[in-house]
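The primary structure of each chain is shown beneath.
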Amino acid sequence: MQTLTILCLVACSALISGQQHLPVVPSSSIQYTSDPGLCNVNRDYIREYRSATYDFCLFSYRPVAVRSNFNFVYSPISIWMMLAAIAEGADPLTQQNLFQLLHLPPHDPCLRYAFYQIATSRALPSKEVNIRNNRILLINEGTTLNPTWHDIVVKNSLLDVVTAPIKYNSVATANEIKKIMSARLPTLSLSGNSVLLDTIDYNGLWTTAFADAVIERAPFYSPQGEVLGSVDMMRVRRRARMGYIKSIHAKILELAVGADERYRMLFSVIIGNPDIKPVVAAVTSATVFEMIDSLRESAVPIDVAIPRMVISSEVDVRVILEDIGVTDIFTDPSTTRYISDPPAFPSSFLQRATLVLNNTGLYAPPQEPEIYNAPTGLELVVGRDFIADRPFLFGLFDAETYTCIMAAAYTSPSL
Ligand SMILES: *[C@@H]1O[C@H](CO)[C@@H](O)[C@H](O)[C@H]1NC(C)=O
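Since the structure is predicted, the reported quantities are computational estimates derived from the model, not experimental observations.

Next up on the list: the overall build of the chain. Counting secondary structure elements, the chain contains 11 helices and 19 strands. Here the chain, with 415 residues, has 44% of them falling under the buried criterion. Partitioning the contacts of the chain with sequence separation of at least 6, the portion at a separation of at least 24 is 79%.

In this section: the confidence of the model for the chain. With 88% of its residues at a pLDDT of 70 or more, the chain has an overall mean of 86. When mean pLDDT is taken per element in the chain, helix α3 (residues 76-88) scores highest with 98 and helix α1 (residues 2-20) scores lowest with 39. pLDDT under 50 marks residues 1-34. Its contacts with residues more than four places away, or in other chains, come to 54 contacts.

We now examine the nonpolar core. By size, the foremost hydrophobic cluster in this structure holds 120 residues, and its most contacted members are Ala84, Leu102, Phe267, Met406 and Ala408. The biggest single contributor to this core is α3, with 10 residues. Counting contributing residues per domain, this core is built from domain 1 (2-20 + 43-203 + 311-355) and domain 2 (206-310 + 357-410), each supplying no fewer than three. With near-sequence residues (within four places) excluded, Ala408 lies in contact with Phe72, Val73, Ile311, Leu355, Phe394 and Gly395.

Its place among the elements puts Tyr263 in strand β11 (residues 263-270). Taking the C-beta count within 10 Å as the criterion, Tyr263 has 27 such neighbours and is therefore assigned buried. Sequence separation of Tyr263 and Ala399 is 136 residues, and the distance between their C-alpha atoms is 5.2 Å. With sequence-adjacent residues up to four places away left out, Tyr263 is seen in contact with Val129, Gly204, Val257, Gly258, Leu396, Phe397, Asp398 and Ala399.

The next point concerns the packing of α3 against helix α5 (residues 109-120). Between two packed helices, both the angle of their axes relative to each other and the distance between the axes serve to describe the pair. In the contact formed by α3 and α5, the axes pass within 10 Å of each other and the chain directions differ by 145°. The handedness of the crossing between α3 and α5 is left-handed. Taken together, the residues of α5 that come into contact with α3 (itself represented by Ile77, Trp80, Met81 and Ala84) are Tyr116, Ala119 and Thr120. Its residues assigned to classes, the contact of α3 with α5 shows 6 nonpolar, 1 polar and no charged.

Further remarks concern the site of the ligand. Asn203, Val310, Val356, Asn358 and Thr360 are the nearest of the 7 residues found near the ligand. Of the residues that constitute the shell around the ligand, the class distribution is 2 nonpolar, 4 polar and 1 charged.

The subject of this paragraph is unusual backbone geometry. In this model, Asp341 is joined to Pro342 through a cis peptide bond whose omega is -5°. Along the chain, Pro342 turns up in the loop between β14 (340-341) and β15 (346-357). Here Ser157, not a glycine, exhibits a phi torsion of approximately 50°, which is positive. Mapping Ser157 onto the fold places it in the loop between α6 (147-155) and β4 (160-164). Here Phe345, not a glycine, exhibits a phi torsion of approximately 35°, which is positive. Counting through the fold element by element, Phe345 comes out in the loop between β14 and β15.

Calculation criteria
- For every chain, the first residue of its written sequence is number 1, and the numbers climb from 1 along that sequence.
- Under the rules for a predicted model, residues below a pLDDT of 70 receive no local features and side-chain atom pairs below 80 are neither given nor counted, while totals for whole chains, interfaces and linings still include all residues.
- Numbering goes from the N terminus for both helices and strands, where a helix is a DSSP run of H or I of at least four residues and a strand is a run of E of at least two.
- Burial is judged by counting the other C-beta atoms within 10 Å of a residue's own C-beta: 20 or more makes it buried, 12 or fewer makes it exposed, and any count in between marks it as partly exposed, with every C-beta position built from the backbone.
- Two residues form a contact once the distance between their C-beta atoms, set from the backbone, is within 7 Å.
- Note: pLDDT gives the predictor's confidence per residue, expressed from 0 to 100.
- By convention in this section, buried Ala, Val, Leu, Ile, Met, Phe, Trp, Tyr and Cys residues joined through C-beta atoms within 7 Å make up a nonpolar core.
- The domain boundaries here were taken from an automatic or database domain assignment.
- Here, axes are lines fitted to C-alpha atoms. For helices the fit covers the stretch in contact, and angles between N-to-C directions go from 0 to 180 degrees.
- Working rule for handedness: look at the near helix, and if it is turned counterclockwise from the far one by less than a right angle, call the crossing left-handed; if clockwise, right-handed.
- We call Asp, Glu, Lys and Arg charged. Ala, Val, Leu, Ile, Met, Phe, Trp, Tyr, Cys and Pro are nonpolar, and the rest, Gly among them, are polar.
- By convention here, the C-beta atom is placed from the backbone, and a residue is near a molecule or strand when that atom is within 6 Å of it.

Here it is in structure tokens:
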């Protein structure tokens, strides 16, 4: 019975939080309106917000990539939001360090809340795009939350607080957490007073479908050209947005998702030497801006091939954060004493991300006349195709702000 109650609490909270992220922001006019008197709304803070979140994305990307052997999917923006929630209630020194890591202005709550409003309104489920992000602080029953902190995280939709009998029924609590997150979770620890749980699921329809008649098994190669295994290759011949990132000698393909092209999936392969590992270390937030600015629609159809897949990762976010120097909140209870009494003192921070790449889309690819060797209108170096038959990086962005909602790398086909 108790087990059921916990399950219901967490599951219900998951459902509610999925629906809470619905402050629909009209495109081209994102403004923080709840207290405009405090905010300098003329400032172009969307670019600042993007720099801040790209920096955190790239900062966390490296340890996530290395620890998963470069085959993973995760949501940097979701971790960013949960850490922001912790930062809002952290002791002054920890708060200063966290705000610095997240590039949040320590003395400008209004601008922070404006950033939160953008971040929390990116993943909006619709009929064509099923995307769910749930961010939960699961805290021991009987803990008293600091109402000021709770008010900030609830008003800004940063996370949901749910209680569970962590201290007096850790077995039941652990079992229920496992059901919600996944079957495994080898790293779950309930030694503290709370755990941070983050899930994100994506399955969306492309704006333009892949040609479903031509999915076939095809080899997938290592950087050295050996066959690593085979994949179900989705193919389409269509005009597409492509770009070239000079600094890492990579080509980029952008495919739109959903009826209003609300989301964009960006794929990247390195031209020539396709080993992505050294490249990951070279990327900066400037590279991301460069990448997005370089995209152009091809003048003629090009060949696109992407493996069909379901990719899922469980990331031990605590370990990733420790890699990048965030340790106090997990080791020193006093750092989270302004979140609750007794202190929230989280012992685990876990994220499970699942992303489906399927051939289905809203519209059939338009029939285009075959004009062989006609100029593509793209930089010559990108060639006339985008064939992801070797290690590639990809990510899900929203079209309005180009927030990186999910980031992934695919290097080894599951056999
Ligand atoms: C992929 O799409 C096919 C229809 O083309 C559908 O039958 C299948 O269930 C989808 N797979 C996933 C994982 O969504």
